[in-house]
Amino acid sequence: MMRVRLKADGRIVEILPDGSERALAGQLEPAVQANGRQALTNGAPPDAAYARGVRARTKLTQAQFAARIGVPLETVRNWEQGKRSPRGPARALLRVIETAPDLAFAALAPSRTRS
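Since this is a predicted model, take the numbers as computed values, not measurements.

(A) Structural detail: the overall build of the protein. Regarding its fold elements, the protein presents 5 helices and 5 strands. Mapped in sequence order, the helices and strands of the protein form the string β-β-β-β-β-α-α-α-α-α. In the protein, buried positions account for 23% of the 115 residues. The contacts of the protein with a sequence gap of at least 6 include a subset with a gap of at least 24, amounting to 32%. Just so you have it, the protein exposes about 8200 Å², and 54% of that area is on carbon and sulfur atoms.

Set out below in C-alpha cells:
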C-alpha cells in the first residue's frame, strides 16, 4: 500500500517507510528562489494567477470581492499570494464568477424578504 500526502503547495508526495518523502512522477518540482521562498518551476502558482485574474476581471478590490462572495479578506489575499489554493466549492464559485459574474453576484446577494 502506498502512503501519500498532499503538501501545502499542491504537490502529492509518497511517504517512504523511513518517513522521508518523494515526489510522485509527473509533477512540477518546487524551485527555491533567491529570497528563499518556493515557487513552481513554471512561475507563479497557477491557482494564485487564476484567482487574481477572476477578481481582476470583475474590477473589484480584494475587500469588495471578499464581501461579495462571503469570505474573509485574508482568504482572497492568501489565494492571490499563492499561500492557499481555492478548493472544492470555492474553486467552483470562481469558475461561475469567471463565466457569468453578474448572475453569480446576483445569486450571492443578500436575499430580501418577499411579502
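(B) How the structure looks around the packing of aromatic side chains. Counted under the stated rule, the structure contains 1 aromatic pair. Each ring, one from phenylalanine 65 and one from phenylalanine 105, has its centre 6.3 Å from the other, and the planes form 90°; the classification is edge-to-face. Remark: phenylalanine 105 occurs in helix H5 (residues 101-108) and phenylalanine 65 occurs in helix H2 (residues 62-69); sequence separation between them is 40 residues. Each member of the pair, phenylalanine 65 together with phenylalanine 105, is buried. The ring centre of phenylalanine 105 lies 5.0 Å from the NZ or CZ of arginine 68, which sits over that ring.

(C) Region of interest: the environment of serine 85. Of note, serine 85 is situated in the loop between helix H3 (73-81) and helix H4 (88-99). Every residue in contact with serine 85, bar those within four places of it in the chain, is listed here: Asp47 and Trp79. A polar contact is formed between the side chain of serine 85 and the side chain of aspartate 47, at a distance of 2.9 Å.

Basis of the calculations
- Residues numbered from 1 in each chain as written.
- Predicted model: local features only at pLDDT ≥ 70, side-chain atom pairs only at ≥ 80, totals over all residues.
- Heavy atoms only, no water.
- Helix = DSSP H or I, 4+ residues; strand = E, 2+ residues; numbered from the N terminus.
- Buried < 20%, exposed > 50% of the residue type's maximum accessible area, 1.4 Å probe, protein only.
- Contact = heavy atoms within 4.5 Å.
- Areas by Shrake-Rupley, 256 points an atom, 1.4 Å probe, with all protein chains shown as cover.
- Phe/Tyr/Trp six-rings, centres within 6.5 Å; stacked < 30°, edge-to-face > 60°.
- Lys NZ or Arg CZ within 6 Å of the ring centre and 35° of its normal.
- Polar contact = N/O pair within 3.5 Å; in protein donor to acceptor, adjacent residues only side chain to side chain.

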